[in-house]
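Observations on the three-dimensional arrangement
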Amino acid sequence: GNYFCQKLYSMSSIEQRRMILNSMKDIFINVSQNPAGAHVIQTIIELAETKEEKDIIMDYIKGYEMQLALHQEGTHVLQKIVQIFAENERQNLTDVLCTSNNVRILCKDLKGISVIKRLISFNMDKNNRSKLVEAFYPNLLEISKSSSGSYIIQYLIEQWGIDTGLKLIHFCILNFEAFAINKHSAN
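The paragraphs below set out a description of the structure included in this document. (Residues numbered from 1 in each chain as written. Predicted model: local features only at pLDDT ≥ 70, side-chain atom pairs only at ≥ 80, totals over all residues. Heavy atoms only, no water.)

**Looking at the layout of surface pockets**
A water-sized probe, rolled over the atoms, reveals where empty space remains. Just so we agree on the cut-off: Grid points spaced at 1 Å and placed over the protein atoms alone form the basis of the search, with a cavity being a set where a 1.4 Å probe fits but cannot get out and a pocket an open set showing protein on both sides within 12 Å along at least five of seven lines. Lining residues have an atom within 4 Å of a point. Grid points are joined across faces, edges and corners, and a volume is the space filled by probe spheres set on the points. Helix and strand labels come from DSSP, where a helix needs a run of H or I of at least four residues and a strand needs a run of E of at least two; each type is numbered from the N terminus. Polar here means any residue other than Ala, Val, Leu, Ile, Met, Phe, Trp, Tyr, Cys and Pro, which are nonpolar, and Asp, Glu, Lys and Arg, which are charged; Gly is therefore polar.
If you add up the space inside the largest pocket, you get close to 290 Å³. Forming the boundary of the largest pocket are 16 residues, of which Q154, C172, S185, A186 and N187 lie nearest the centre. Of all the secondary-structure elements, those providing two or more residues to the lining of the largest pocket are helix 13 (147–174) and helix 14 (176–180). With 8 residues, helix 13 is the single largest residue contributor to the lining of the largest pocket. Split into classes, the residues belonging to the lining of the largest pocket amount to 9 nonpolar, 6 polar and 1 charged. Its volume calculated, the second largest pocket comes out at about 160 Å³. Forming the walls of the second largest pocket are G1, N2, C5, L8, Y9, I20, M24, V40 and I44. Listed by contribution, the elements that provide at least two residues to the lining of the second largest pocket are helix 1 (2–11) and helix 4 (37–47). Looking at the lining of the second largest pocket element by element, the count peaks at 4 residues for helix 1. A class-by-class count of the residues in the lining of the second largest pocket yields 7 nonpolar, 2 polar and no charged.

Here you go:
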């Protein structure tokens, strides 16, 4: 069924796609969390051409960002949005995910780490980069004590460079001993 739905959607006109999208209001999140349905939703995201389509999708996920980020299937839906939509089209999603509490939660979960990795890879705006660095800062030591958290901090610095990650590096230097005695944060 999911292959049929993906094909049907890909062959539909913009007007037909809008009708399909509008009919999904009450089921969009459930479909996003279904193993087969997540593939359909990712196709819908990939094929979203108009501002209206993208706005509808963003409206449907509003309030469910963390639920999707930590869900086995929903994480792929969020990652696809981050990858496909321009930063300004998904700004609300970035704002929700880039709080210190949400970053701390996401960095403790492999699915959450994948979402953070996409934000690092697909955020070019200086303000969004600063927002993510600031979100890491209050929980940097705690995050870096897990293998996934240590990895994502290293990934951020590798991708964005020393200038963007300087605040994080400075924190590590000031707390050198605390970082050095943990197997993961020592990295």
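**A look at the packing of helix 2 (residues 14–22) against helix 5 (residues 51–61)**
Applied cut-off: Angles run from 0 to 180 degrees between N-to-C directions of axes, and those axes are lines fitted to C-alpha atoms, restricted for helices to the stretch in contact. When an angle is under 35 degrees it counts as roughly parallel; over 145 it counts as roughly antiparallel; between 65 and 115 it counts as roughly perpendicular; any other value is oblique. By definition in these notes, contact holds between two residues if any of their heavy atoms fall within 4.5 Å.
For the pair helix 2 and helix 5, interaxial distance at closest approach is 10 Å and the crossing angle is 10°. It follows that helix 2 is roughly parallel to helix 5 by the angle criterion. Taken together, the residues of helix 5 that come into contact with helix 2 (itself represented by R17, R18, L21 and N22) are E52, E53, I56, I57 and Y60. Looking at the contact of helix 2 with helix 5 residue by residue, the classes come out as 4 nonpolar, 1 polar and 4 charged.

Structural measurements only, silent on function.
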